[in-house]
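# Structural features, examined
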Amino acid sequence: MAVALAGSPAVAQTPAASEQSDSATQAALPQFGTVNPLPAPAPALPATPPPPLPDLGDAAQADLSPAQERKLGETVIRQLRAAGGYMNDPEVNDYLNELGHRLIASSKDVKQDFEFFAVPDSQINAFALPGGYIGVHSGLILLTQSESELASVLAHEISHVTQHHIARMIAGQKDSMLMSLAGLALAVLASRAHGNSSGDMAQAAVAATQAASLQYQLNFTRENEYEADRIGFARLDGAGFDVYAMGTFMERLQRSSRFLDNGAPNYLRTHPVTYERIAEAQARAYGHPYRQVADSIDFHLVRALLRSYEGKPKEAVQFFDTALAEKKYNNEIAAHYGLVASLLRTKDYARAKKELAALEKMAPSHPMIDAIGAHVYLDSDDTPIAIKRFEAALAKYPNKMQLVYDYPEALMKAGRNADAAAYVERQLARFSNDGPLHLVAARAYAALDKKLLQHKHQGEYYAWQGNLRGAVDQFELASKASDGDFYQLSVVDTRLRALRHEVAEQQKAGFGKSG
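Note that this is a predicted model, so its numbers are computed, not measured. (Residues numbered from 1 in each chain as written. Predicted model: local features only at pLDDT ≥ 70, side-chain atom pairs only at ≥ 80, totals over all residues. Heavy atoms only, no water.)

Looking at the chain, pLDDT values average 79 and 72% of them are 70 or higher. Per-residue pLDDT stays below 50 along residues 191–220; that stretch engages in 40 contacts with residues further than four places along the chain or on separate chains. This stretch, residues 258–264, has a pLDDT under 50; its non-local contacts, to residues over four places away or in other chains, come to seven contacts. (pLDDT = per-residue confidence, 0-100. Contact = heavy atoms within 4.5 Å.)

A few words now on unusual backbone geometry. Unusually for a residue other than glycine, Lys 327 sits at a positive phi of about 55 degrees. Inspection of the secondary structure puts Lys 327 in the loop between helix 15 (313–325) and helix 16 (332–346). Judged by relative accessible area, which is 61%, Lys 327 ranks as exposed. Positioned with a positive phi, Lys 347 is a non-glycine residue whose angle comes to about 60 degrees. Tracing the chain through its elements places Lys 347 in the loop between helix 16 and helix 17 (349–362). (Helix = DSSP H or I, 4+ residues; strand = E, 2+ residues; numbered from the N terminus. Buried < 20%, exposed > 50% of the residue type's maximum accessible area, 1.4 Å probe, protein only.)

A word on helix 15. Since there are 3.6 residues in each turn of an α-helix, residues three or four apart along the chain are aligned in direction. For helix 15, spanning 13 residues, the distance from its first C-alpha to its last is 18 Å, which sits close to the expected 18 Å at 1.5 Å a residue. Inspection of helix 15 places Ala 316, Val 317, Phe 320, Ala 323 and Leu 324 among the buried residues, and these make up the whole buried set. End-on view of helix 15: buried residues confined to an arc of 130 degrees, all on one side of the axis. Opposite the packed face of helix 15, turned more than 90 degrees from it, sit the exposed residues Lys 314 and Ala 325. Looking at the buried residues of helix 15, the elements they touch are helix 14 (297–308), helix 16 and helix 17. (Expected span 1.5 Å × (residues − 1). Arc of directions from axis to C-beta.)

Moving on to the packing of helix 17 against helix 18 (residues 367–379). Packing of helix 17 against helix 18 brings their axes to within 10 Å, and their N-to-C directions diverge by 155 degrees. Taken together, the axis directions place helix 17 and helix 18 in an arrangement best described as roughly antiparallel. Here helix 17 and helix 18 pass one another in a crossing that is left-handed. Seen from helix 17, the contacting residues are Tyr 349, Ala 352, Lys 353, Leu 356, Leu 359 and Glu 360; seen from helix 18, they are Ile 369, Gly 373, Val 376, Tyr 377 and Asp 379. By residue class, the composition of the contact of helix 17 with helix 18 is seven nonpolar, one polar and three charged. (Axes fitted to C-alpha atoms, helices over the stretch in contact; angles between N-to-C directions. Parallel < 35°, antiparallel > 145°, perpendicular 65-115°, else oblique. Left-handed = near helix turned anticlockwise from the far one by under 90°. Nonpolar A, V, L, I, M, F, W, Y, C, P; charged D, E, K, R; others polar.)

The next subject is the pattern of salt bridges. Evaluation of the coordinates by the stated rule reveals 17 salt bridges. Glu 326 is paired through a salt bridge with Lys 328; the nearest N and O atoms lie 3.1 Å apart. Owing to a relative accessible area of 44%, Glu 326 belongs among the partly exposed residues under this scheme. Given the relative accessible area of 60%, Lys 328 is considered exposed. The network of salt bridges with shared partners includes Lys 71, Arg 78 and Glu 502. (Salt bridge = Lys/Arg side-chain N within 4 Å of Asp/Glu carboxyl O.)

Turning our eyes to something else, we now look at the environment of Ala 442. Checked against the element boundaries, Ala 442 lands in helix 22 (residues 435–447). Overall, Ala 442 belongs to the buried group, its relative accessible area being 0%. Separated by 15 residues in the primary sequence, Ala 442 and His 457 place their C-alpha atoms 5.0 Å from one another.

Next up on the list: the side chain of Lys 456. Tracing the backbone shows Lys 456 in helix 23 (residues 451–465). For the buried residue Lys 456, which engages in no salt bridge, the nearest side chain bearing the opposite charge is Glu 460, 5.4 Å off. Here Lys 456 is in contact with Phe 475, Ala 478, Val 491 and Val 492, once residues within four sequence places are set aside. (Lys, Arg positive; Asp, Glu negative; His and termini not counted.)

Below, the discussion takes up the sheet that holds strand 3 (residues 133–137). Read from one edge to the other, the open sheet built from three strands follows the order 1-3-2, with strand pairing classed as mixed. A strand with exactly one partner marks an edge of an open sheet, and here the two such strands are strand 1 (115–119) and strand 2 (126–129). Going from strand to strand, the sheet's axes swing by 20 degrees on average, the running direction of each strand aside. Two strands pair when backbone bridges link them, and strand 2 and strand 3 are joined in this way by four bridges, in the antiparallel orientation. Bridge pairing in strand 3 places Leu 129 opposite Tyr 133. In the packing of helix 3 (residues 90–104) onto the sheet, contacts are made with strand 1 and strand 3, and the angle to strand 1 comes to roughly 140 degrees. Across the sheet, helix 5 (residues 147–162) touches strand 1, strand 2 and strand 3, and the angle it forms with strand 2 is around 25 degrees. (Pairing = 2+ DSSP bridges.)

So this is what it looks like as structure tokens:
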């Protein structure tokens, strides 16, 4: 569920930061319906298993250290946030991280941190960035028919990271590959335009940044894909998922691409699926006994939430009304949940409360249902009830980020700004790098007229979002505020120097001219 922070006090901006102020604040925690409409999705013969492929080792580490990989990945993901290629939906991102870390825990080869995030795009795609960042397009999540299929994609992408495939390409290409990564945000943004020229824009962006490195990538694509398949399969099996799902999803991707007007999905362009790869995935599965793996309720709820973002609000409501009336759903609880989420988009709060009551009667205790229940009352201005619901839910699920974001918003709506600021500060002690939390803090301190803290947290949000120049502007304002103590001013000055240095570094490396 996308976080809503309507009604919060505005944060003061400098002229340099103001050009991104409104869009940044609105894009930070989007309202329902910000995701583009998504398209509807469209036994294999056994094969002799191929001989095991050797691990390729860590030769790339000599040219790109793990710390450098992480730093590069952080730079690219900031560009994605700034370009609108990052879905600020804690429900979807929390789920992807839970699923991804279940796969990571299934083997002992992971020696780094990972972060999984959704891209608000109907295109069928997923990608790995250096340093353990893995993006999954919302369209791909909706295309999957089981949790094991989605897990198979994540397992494959995780393996690209653990085997340092991107690091090897960078080690072999140096500056040209760095420029390719610098152009990734532009390509993602262009591909989301969905206009007649969007494909040309994306193609031009990729061509301009990757022309020098294309041949090298082609030389290693086949080797990397087969290795990621093999290791990803073992990861999928070790985590207890259906091992047949990898081949099944590959086959569906290949078949569905034949009926798309604009050619193959992006995933097939960046991860070429051949009949040989499909056959090998199926052959690996035939070597394992079949086991039926039930999908988690989280998988169904997240897909229903994404489906509620499709099209116009009334169309989303009609979709779930029809699905429930005709009993055309994979999970009834998720269908009711999707209906409540869609009704929030239409602002039909009376019916949303009625459908919420029906949902809560049939559903087990679940943080996503508790969160949307409190959100119904928050959006309908029944603030005291919303606060009670948030507090009860947080007592059960203190780490659920949707609740962590929404509770202080309810407090601010009730005029309890000091309580909201105190709560957010406690959460930032746990999640110090959480950009949306810094934005909530900035709004709370703005309401309290605490300028230094307001600008400090607004600056941290801008830095998280990728707007480094806006962050510098905010920290400069914080340094000039007259309401901070010596310790707070020292922290601000230290951070300001670090941000200025980072801006200079990125400009030198060719990243983020607008950030």
